[in-house]
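# Structure at a glance
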Amino acid sequence: MTTPDHYAVFGHPIAHSKSPRIHQMFARQLGDEIIYTAQDVPPDCFVVAVRSFQAGGGKGLNCTVPLKELAFRLADQLSSRAELSGAVNTLMWRETQLFGDNTDGVGLLRDLTTNLGLTLKQRRILILGAGGAVRGILGPILMQQPSQIVIANRTLSRAEELAQRFGHLGRLSTTNFINLAGSQFDLIINATAAGLKGETPPLPEGLVAAGGCCYDLMYGDQPTPFVRWGEAQGAKLSTDGLGMLVEQAAEAYLLWRGTRPETKEIITQLRHSK
Ligand code: ATR
């Protein structure tokens, strides 16, 4: 009898991760047998934990907050999208080499375009926040050729750093929240950590254009503060990042095992079993 391939998600904290459940749903759908565990790994234990997972026969890893930059630095080889974002959420061993990829951006794009039916080309997009999460998604969004991307952040200098880093891919402008007053956007993406404290960034009224949408990278069992903000502002659609979570997982599964699971049904099941 062969032992099932072992995968894991490392993060800190990790207790509430939905990744083990999602990957087991993928495996069941595809008739695969896998082991997928969640491991609490503080940043200073990361390298040792990766090596010991490998020594135990582990095949692939997901890395989440706050380990994505460490995973980027540890990888021997990087996909071009990981290279661009400076962060890695998926690791696998190719022979003896540790390969790092970033499936967050493509996961978001897939949720926005395939699942939610949104078009980004020629649209005005506002991104709230300028941390690691934004670095993962900016490249794929820019490639959709929106007419405008504004990055708004509490600390303006962090937004400016991102505009410099990604400026060769398209035009990016930066601002703080107050100066957004009077602007309108077709899509507003929240990538700040404000929701962790039950808050939304201090945004002026009237930012959502007629027919505009709001998307929160965070997700929760209840609507997030930003999803509620979007609804109150009259967005046509205001949704959390559960779909992105499933889509980035499906991309990781594809990388590891060569088959992409069907995600639609799984997103629906997860939504209804919160
Ligand atoms: P992540 O990797 O999840 O992006 P991060 O790098 O710590 O985490 O970035 C968190 C982001 O949320 C930053 O843009 C941060 O703003 P600053 O750069 O000014 O710190 C933003 N953020 C956190 N709490 C916030 C709050 N209460 N209101 C608005 N923005 C907030």
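Residues numbered from 1 in each chain as written. Predicted model: local features only at pLDDT ≥ 70, side-chain atom pairs only at ≥ 80, totals over all residues. Heavy atoms only, no water.

### Regarding the overall build of the chain
- When helices and strands are counted, the chain shows 10 helices and 12 strands.
- Its C-alpha radius of gyration of 19 Å places the chain within 12% of the 19 Å reference for a compact globule of 274 residues.
- Summarising its shape, the C-alpha atoms of the chain cover approximately 65 × 40 × 35 Å along the three principal directions.
- Expressed as a percentage of its 274 residues, the buried residues of the chain come to 51%.
- Taking the contacts inside the chain whose residues are at least 6 apart along the sequence as the reference set, 66% of them involve residues at least 24 apart.
- Summing over all exposed atoms, the chain offers an accessible surface of approximately 12800 Å²; the carbon and sulfur share of this is 49%.
- A gap of 3 Å separates the mean positions of the 26 positive and 25 negative side-chain charges of the chain. (Helix = DSSP H or I, 4+ residues; strand = E, 2+ residues; numbered from the N terminus. Rg over C-alpha atoms; globule rule 2.2 N^0.38 Å. Buried < 20%, exposed > 50% of the residue type's maximum accessible area, 1.4 Å probe, protein only. Contact = heavy atoms within 4.5 Å. Areas by Shrake-Rupley, 256 points an atom, 1.4 Å probe, with all protein chains shown as cover. Lys, Arg positive; Asp, Glu negative; His and termini not counted. Charge placed at Lys NZ, Arg CZ, Asp CG, Glu CD.)

### Notes on the sheet that holds strand E12 (residues 237–239)
- Spatially, E9-E8-E7-E10-E11-E12 is the arrangement adopted by the 6 strands of the open sheet, whose pairing is parallel. Sheet topology places strand E9 (172–175) and E12 at the edges, where each strand pairs with a single neighbour. Direction aside, neighbouring strands of the sheet carry axes that sit 20° apart on average. (Pairing = 2+ DSSP bridges. Axes fitted to C-alpha atoms, helices over the stretch in contact; angles between N-to-C directions.)

### Thoughts on the pattern of salt bridges
- Enumeration over the complete set of coordinates arrives at 11 salt bridges.
- Note that Glu 247 is salt-bridged to Arg 260, the shortest N-O span being 2.9 Å. Linking Glu 247 in helix H9 (residues 242–257) with Arg 260 in the loop between H9 and helix H10 (264–272), this pair joins segments that are 13 residues apart in sequence.
- A relative accessible area of 0% means that Glu 247 is categorised as buried. (Salt bridge = Lys/Arg side-chain N within 4 Å of Asp/Glu carboxyl O.)

### Side note on the pairing of strand E11 (residues 208–216)
- Most of E11 sits inside the fold, with 7 of its 9 residues counted as buried.
- Alignment of strand E10 (residues 185–190) against E11, held across 5 bridges, turns out to be parallel. Residue pairing across strands places Phe 185 opposite Val 208, the latter belonging to E11.
- In this sheet, E12 lies alongside E11 in parallel orientation, the contact comprising 3 bridges.

### Side note on the packing of helix H1 (residues 19–30) against H9
- Close contact between H1 and H9 brings their axes to 10 Å; oriented N to C, the two are set at 55°. Put simply, H1 runs oblique to H9. Both H1 and H9 take part in a crossing whose hand is right-handed. Seen from H1, the contacting residues are Ile 22, His 23, Phe 26, Ala 27 and Leu 30; seen from H9, they are Leu 245, Val 246, Ala 249, Ala 250, Tyr 253 and Trp 256.
- The residue inventory of the contact of H1 with H9, partitioned by class, reads 10 nonpolar, 1 polar and no charged. (Parallel < 35°, antiparallel > 145°, perpendicular 65-115°, else oblique. Left-handed = near helix turned anticlockwise from the far one by under 90°. Nonpolar A, V, L, I, M, F, W, Y, C, P; charged D, E, K, R; others polar.)

### Quick look at the packing of aromatic side chains
- Under the criterion given, the structure shown has 6 aromatic pairs.
- The interplanar angle of 20° and the centroid separation of 4.6 Å between the aromatic rings of Tyr 7 and Trp 256 together place this pair among those described as stacked. Of this pair, Tyr 7 sits in strand E1 (residues 5–11) while Trp 256 sits in helix H9, and the two are 249 residues apart along the sequence.
- Judged by relative accessible area, Tyr 7 falls into the buried class, the value being 2%. (Phe/Tyr/Trp six-rings, centres within 6.5 Å; stacked < 30°, edge-to-face > 60°.)

### Focus on the pairing of E1
- Counting buried positions over the 7 residues of E1 gives 5, a clear majority of the element.
- In this structure, E1 lies alongside strand E2 (residues 34–40), joined through 7 bridges in parallel fashion. Residue pairing for E2: Gly 11 is matched across the bridge by Asp 40.
- In this fold, E1 hands off to H1, which returns the chain to E2; that crossover is right-handed.
- Where E1 meets strand E3 (residues 60–63), 4 bridges bridge the pair, whose relative direction is parallel. Note on E3: the bridge partner recorded for Tyr 7 is Gly 60. (Right-handed = clockwise from strand over helix to strand, strands pointing away.)

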